[in-house]
Amino acid sequence: MATHPFSIRLEPVLKARLEAEAARTERSAGFVIQKAVDEYLDAKEYKREAIREAVLEADKGVFISEKAMDAWVEAWGTQRELPMPEPDVFLAKA
């Protein structure tokens, strides 16, 4: 795959950290930056998709109440752990 030059300005502390990581991994600073940008963009895309899916799920109007969730979480690690609660709030669609 062809690459293209790209220039950025870095604060001195960040530049030093980048150079140290490149030296530790015996890679170029450009390689480290490329991997970091790739991972950053993957994480942003993953988050965006997770939010989109959560909104679609929320639009169905089926939820677990705060009371049920609190009871479930408070039971974690106790002798009386509860199963994950089932939805108990159903909003009518407009």
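The structure displayed is predicted, hence computed values, not measured ones.

1. Describing the layout of surface pockets
- Quantified by volume, the largest pocket comes out at close to 550 Å³.
- Gly30, Val32, Ile33, Gln34 and Val37 are the residues nearest the centre of the largest pocket, which is lined by 18 residues in total.
- Elements represented by at least two residues in the lining of the largest pocket include exactly α1 (12–25) and α2 (29–58).
- No other element matches the 7 residues that α2 contributes to the lining of the largest pocket.
- Grouping the constituent residues of the lining of the largest pocket by class yields 11 nonpolar, 4 polar and 3 charged.

2. Points about the pattern of salt bridges
- Enumeration over the complete set of coordinates arrives at 4 salt bridges.
- We note a salt bridge from Arg52 to Glu49, for which the minimum N-O separation is 2.7 Å. Highlighted residues: Arg52 and Glu49, both in helix α2, separated by 3 residues, approximately one helical turn.
- Exposure remark for Glu49: the relative accessible area of 33% places this residue in the partly exposed category.

About the cut-offs
- Residues numbered from 1 in each chain as written.
- Predicted model: local features only at pLDDT ≥ 70, side-chain atom pairs only at ≥ 80, totals over all residues.
- Heavy atoms only, no water.
- 1 Å grid on protein atoms, 1.4 Å probe; cavity = no way out; pocket = protein on both sides within 12 Å on 5 of 7 lines; lining within 4 Å.
- Points joined across faces, edges and corners; volume = space filled by probe spheres on them.
- Helix = DSSP H or I, 4+ residues; strand = E, 2+ residues; numbered from the N terminus.
- Nonpolar A, V, L, I, M, F, W, Y, C, P; charged D, E, K, R; others polar.
- Salt bridge = Lys/Arg side-chain N within 4 Å of Asp/Glu carboxyl O.
- Buried < 20%, exposed > 50% of the residue type's maximum accessible area, 1.4 Å probe, protein only.

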